Each structure stands twice: as C-alpha cells, then as structure tokens.
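Fold and contact review
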Amino acid sequence: MCFRKLCYFLLLLLIALGIRSTSAVQCNANCKPPNCRCSSTEIPGSLASKDTPQFVLLTFDDAVTVHNVPYYREAFTGRTNSDSCPVAATFFVSHEYTDYSLVHELYSAGHEIALHSISHSSNTQYWRDASVAQLADEFGGERTMMEKFAKIPGGHVQGLRMPFLQMAGNNSFQMMKDSGFTYDCSMPTRAHVSPGMWPYTLDYESSQDCVIGSCPTGSFPGVWVIPMITWTTKDGFPCAMVDTCLGMPNTTQELFEYFKSNFEQTYLTNKAPFGFYVHAAWFDVSPVHFEAYKMFLDYLQGLQDVYMVSGSTVIDWVRSPVPLSQMKSKCRKPAAPTCRPVSCELCKKEDNNFTTRWAKFCDVPCPGSYPWLQNHLGTASYGDGCKKPWL
C-alpha cells in the first residue's frame, strides 16, 4: 500500500513538473504516413532523388520591424517557383519591438508566420529549464497575439523555433502537443548532412544527433521536427545559423559560391530540405551579404526542381509525397493587406519593473498595457506604474 502511495505521489509530481510523456521506443513498421514518419535520410515515398523536389527553407528570426522589412520586400517581391506559386519565407517572430502591421503584410504576401517566443530571454538557462506551463505562456501566448494583433487566421501559425536553439527537452514537445503546434525547427544535425535528414515525427525514438541539449526522449505522436541541417565553414566547422558561420568570403561572387557549395550537400544527394537560416541583422553587417543572398535566390529560381517554400508546406509534402512530375500549384496566393495600423504608447511590466513601449497593431483599440507574458492581450492595468513623474 505504501508503495502504491509513493508511485501515486511521484506521478503527481511528474505532472506538476510538466513531465507527462512516455519514453519513446525505436521506430518500427507501425509508423505509417501521413501522420507518422521515422527519423531517417530516406526520401519520403521511396522516391528516387531525380524524382524528388528540392525544398529550400528561407527563414528569419526575431522581431519584424520597419528596419528589416525593406530587405524582405526587395528579396521576395515578384519571385515565384516553377509551379507559379510565390517564393515563401518563414518568419520566426519574437514579440518585443515587432510591428504587427508589418507581420500582417508579410503574411498577406504569402509568407509563413511562425513563433520565436514573447520574451526572447537572453538567459539560455531559462529556456533549458522551462516548464510546460512557461513554454505555453511564451508560445501559446504569442500565437494569441499573432491572431489578434496581426490578423493571422486561426490555425495558420503552426511552427516555432526556440531562442538560441535551446531546447527544454521533453517539455518543449509536450507543450507543442498540448497546444496543437505542428512542427519545431530548432534542432541542428551535424551527423545527417549529406545525405540530409528529412522531417520526421516524434511518435518514436529520434535517431537525430543531439547538438544542443536537452533533446526529446519521450513520445509525442504527431509532433514534427524539421532538422536544421548544418552548413560547413571553409575551415570545416559546422554552423546551424548562417550568420554564425565564421570565416565567410567577403566578395559577392565568392560568398554566393559558398552558399551554393553548402546547398549541394543535399541537392546532389537525397534532396533533404535545405535551410538558409539567418537573422536579417546580418545583412546590415556588409552589403555583400544581401547581394550574395539575392544572387543565390536568382540561382535557385532557375532550377526547375527547386521550391522555396514555408516549413508547413514541407511538412504537407512529406505527409503525402508526390514526384516532381505530379507537383501542382497549391499555395496561398498573395492578397492585399487588410490591416489598419494602430500605434500605441503602452506600459510594460516585467519583474516588477515598469517601462514604456511603443507598439503597432492591426485594427484594434490600444490595449490597456503592453502585451507580455501572462498578459497576452494587454488587458492588465498597472495604475500609475508608467506614469511620467512630470505629469
């Protein structure tokens, strides 16, 4: 009887800590498409490489602002894939300093809006130790903000990336399952580059190498991982985010060739989705970076088997793969933005400190306070917390 009571107490403790998953077992024949896929370098549908589309994921992390949106407009406006669908990037948006009217503009242009947390805390220990409830506050709360303030339709925010790629182990994926997210794109792989690892679900044990722990060990049926296939520097070192790759060439042509050589690691093998993961601030470092980026997009656009698409589009194809010959135009077409920007001066509370923030939203009255953790829609009132001393 005492043993049973102890087990019951331990179970309650695990639930309180957000540890509810069962240990994952080795993937087997019970894992079948469209909703389950083992982690592997095998091309979905057992297609030959020559019959497989090469997907390219163009992603950007952090806030969407008046400073970086001009880069996005210049890089992507008017570009299409061979199926006439617009080239689509995926924006992993962090909340603070984001202009939600510009997020709406990007979504209306056909890009995917994904999540990068509300706080984007610089403390990696915070992310490593985060509970399921904390992560739900960060990401579930941010999804609420996107739907309310950027007018993103419900169900269209499907993916996320952890700040600094710092996972919280099983808690990250338990939160995703509980909150109904589709995919994560935070886990680099150095062991499965050429050929690259394709997206997979966490129904069963992952065979992906754990580069930045802690990584998932539990079973989370239906939750997808898009592995971040690492690049290789000229000196042979791996890097997951392009702007962290050291020793890059400093001329446009040489930098383009560097991009191309990394792209060919998957393109010339099993065509696993190739990621160009970057922060727009990298374009500010040198004009060469943006010129080489546009040159690389021009090159990709000229390849008839290459599709520059969003993360959710890749997942959709992996669920139901078709050969190149059967690829059809299936995409969300660009539409005119329907956002009436509203600028607000708001009071932000964080750790009992009060500061003033300007924010821009779509079609809503200014909320009572700056939206933040545990105050996703800005409904909290802080009285005189931000009152200017001269008023």
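Keep in mind the model is a prediction, meaning the values are calculated, not measured.

1. Looking at the state of the cysteines
- Evaluation of the coordinates by the stated rule reveals seven disulfides.
- Between the sulfur atoms of C31 and its disulfide mate C36 the distance is 2.0 Å. Across the S-S bond of C31 and C36 the torsion is about -110°, and the bridge reads as left-handed. Residues C31 and C36 agree in their burial class; the two are buried.
- Two residues share a disulfide in this structure: C210 and C215, whose sulfurs sit 2.1 Å from each other. As the torsion about the S-S bond is roughly 90°, the C210-C215 disulfide counts as right-handed.
- The thiol sulfur of C185 is not disulfide-bonded, and the nearest other cysteine sulfur, from C215, lies at 14 Å.
- Its relative accessible area of 2% is what places C185 among the buried residues.

2. Focus: the packing of aromatic side chains
- Counted by the stated rule, this structure contains 39 aromatic pairs.
- Note on F60 and F76: the rings are 6.2 Å apart at their centroids and 75° apart in plane angle, and the pair reads as edge-to-face. Of the two residues, F60 sits in strand β1 (residues 54-61) while F76 sits in helix α2 (residues 69-76), which places them 16 residues apart along the sequence.
- By relative accessible area, which is 4% here, F76 ends up buried.
- On the basis of an interplanar angle of 45° and a centroid distance of 6.0 Å, the ring pair of W282 and F283 is categorised as tilted.
- Residue placement shows R143 over the ring face of F181; its charged tip is 4.2 Å from the ring centre.

3. Thoughts on the pattern of salt bridges
- Summed over the entire model, instances satisfying the criterion amount to 13 salt bridges.
- Here R73 and E105 are joined by a salt bridge, their closest N and O atoms 2.7 Å apart. Of the two residues, R73 is situated in helix α2 and E105 in helix α3 (residues 100-108); the sequence distance between them amounts to 32 residues.
- Residue E96 pairs with R357 through a salt bridge whose shortest N-O separation is 2.8 Å.

4. A look at the side chain of R143
- The residue R143 is located in helix α5 (residues 132-149) in this model.
- For the buried R143, no salt bridge exists, and the shortest N-O distance to an oppositely charged side chain is 4.6 Å, to E147.
- A polar atom in the side chain of R143 sits 2.6 Å from the backbone oxygen of S179.
- Those residues in contact with R143, other than ones at most four positions away along the chain, are L115, V157, S179, G180 and F181.

What counts, and where the lines are drawn
Residues numbered from 1 in each chain as written. Predicted model: local features only at pLDDT ≥ 70, side-chain atom pairs only at ≥ 80, totals over all residues. Heavy atoms only, no water. Disulfide = S-S within 2.5 Å. Buried < 20%, exposed > 50% of the residue type's maximum accessible area, 1.4 Å probe, protein only. Phe/Tyr/Trp six-rings, centres within 6.5 Å; stacked < 30°, edge-to-face > 60°. Helix = DSSP H or I, 4+ residues; strand = E, 2+ residues; numbered from the N terminus. Lys NZ or Arg CZ within 6 Å of the ring centre and 35° of its normal. Salt bridge = Lys/Arg side-chain N within 4 Å of Asp/Glu carboxyl O. Lys, Arg positive; Asp, Glu negative; His and termini not counted. Polar contact = N/O pair within 3.5 Å; in protein donor to acceptor, adjacent residues only side chain to side chain. Contact = heavy atoms within 4.5 Å.

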